[in-house]
Amino acid sequence: MELSTAEGKNLIDQIAALRVPVFVLTGGDPIKRPDLFELIGHARSMGVRVSLTPSATPLLTKEIVVRLKEAGLARLAVSMDGASAETHDAFRGLSGSFARTLDAVRWANEIGLPVQINTTFSRRNIDEIDEIVALMESLQITLWSAFFLVPTGRGKLNDLLSAEEFEAVFAKVYDLSRTAIFDIKTTEAQHYRRFLLQQRVAERRLGIDLGSQHDLVADAIGRAPRGLNDGKGFVFISHKGEVFPSGFLPLSAGNIREQELATIYRDSPLFRDLRDTSKLEGKCASCEFKNICGGSRARAYALTGNPHAEEPCCSYFPKGYLRPAPQMKTASTLHVLHGA
């Protein structure tokens, strides 16, 4: 039921018309598509900048990496979820994945193909954060994307970090951002933008001017004036053409086999609701940072079933916000999260 080559090219044409900064081919494992190089070549001919996130399996060879660049790939993105093979391979459920990932980074470096590393922070690797940061500094990469777990799919609720642990990771990421020669972004941690502003305000009060390190990055994608969020500057399209706010928020807004992508993105009730900060609930509704943050709508949905609920992993309380008094729950109203 996956999109055909013709449908894939038509989708790329629609993406080109939207003038997006980057188009990511992900999976599963996109290397398994026999028309992958044809699709990348078509995207390049249409002026679409393509990034690829392959799986670190035996299919990811040096020859494949070379062919990807020749086809027009702009960036190779690989996952590294631990500072050691033991941690990373256990997280990925695939022995040898860590070594293959390092090989892919080296091969890309050798041919001048920019590399992005994606790291998902969870209970499984939080104790290795200092070692992970040191590993990022030792590798020749263009961007480090720090993902924060959303308990959906294979993501388990028990692996989710606490709000306080989120802040601790934010501090490590921010410290690195001040000196790293590569770009750093977060995914499903929209409240890092609040943390970032708070740190910069505190530094200005102390007379500290550290400036921006992003000018050092040769392959930076650029930043939106306001933060991205699920369905807000970001869209995920499944292999069957279904359009979702993100890969972590399983609410479909339509299908490109039935409607143009631009129409779905701009006009679907789901996407319009997600972009309307007046619909936020809980402390997110009262937060002075809601227009640059807005919290993870995917994580709110995963834990409550309500995409407008407050961010479950944010420790910040808005100024003047009164926390609701805890209420006793009777047995008839007690809800247990699946997998808890």
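Our subject is the structure that appears above.
Computed from a predicted model, the values in this text were never measured in an experiment. (Residues numbered from 1 in each chain as written. Predicted model: local features only at pLDDT ≥ 70, side-chain atom pairs only at ≥ 80, totals over all residues. Heavy atoms only, no water.)

Participant: Help me understand the side chain of Ser 51, please; the structure alone is not making it clear to me.
Facilitator: With respect to the secondary-structure elements, Ser 51 resides in strand 2 (residues 50-52). On the basis of relative accessibility, which here comes to 4%, the residue Ser 51 falls in the buried class. A polar atom in the side chain of Ser 51 sits 3.4 Å from the backbone oxygen of Arg 75. Those residues in contact with Ser 51 that sit more than four places away from it in its chain are Val 22, Phe 23, Val 24, Leu 25, Leu 73, Arg 75 and Ala 77. (Helix = DSSP H or I, 4+ residues; strand = E, 2+ residues; numbered from the N terminus. Buried < 20%, exposed > 50% of the residue type's maximum accessible area, 1.4 Å probe, protein only. Polar contact = N/O pair within 3.5 Å; in protein donor to acceptor, adjacent residues only side chain to side chain. Contact = heavy atoms within 4.5 Å.)

Participant: Mind showing me how you'd approach unusual backbone geometry here?
Facilitator: With glycine set apart, most residues show a phi of negative sign, and most peptide bonds adopt trans. Going from Gly 27 to Gly 28, the amide bond is cis rather than trans, its omega being 5°. Mapped onto the elements, Gly 28 comes out in the loop between strand 1 (23-25) and helix 2 (36-45). The phi angle at Arg 19 is positive, at roughly 55°, despite the residue not being glycine. Following the sequence through the fold, Arg 19 ends up in the loop between helix 1 (5-18) and strand 1. Overall, the relative accessible area of 76% leaves Arg 19 in the exposed class. Even without being glycine, Glu 188 reaches a positive phi, approximately 55°. Inspection of the secondary structure puts Glu 188 in the loop between strand 6 (183-187) and helix 8 (192-205).

Participant: Would you take a moment to explain the nonpolar core for this structure?
Facilitator: Soluble globular proteins tend to pack their nonpolar side chains together in the buried interior. Grouped together as the largest cluster of nonpolar side chains are 74 residues, with contacts concentrated most on Leu 68, Leu 76, Ile 117, Phe 121, Met 136 and Trp 144. In terms of residues, this core owes the most to one element, helix 7 (residues 163-177), which gives six residues. When sequence neighbours within four positions are dropped, the list of residues in contact with Trp 144 reads Ile 117, Thr 119, Phe 121, Ile 132, Val 133, Met 136, Val 173, Leu 176, Phe 182, Asp 183, Ile 184 and Lys 185. (Core = buried A, V, L, I, M, F, W, Y, C linked by side-chain atoms within 4.5 Å.)

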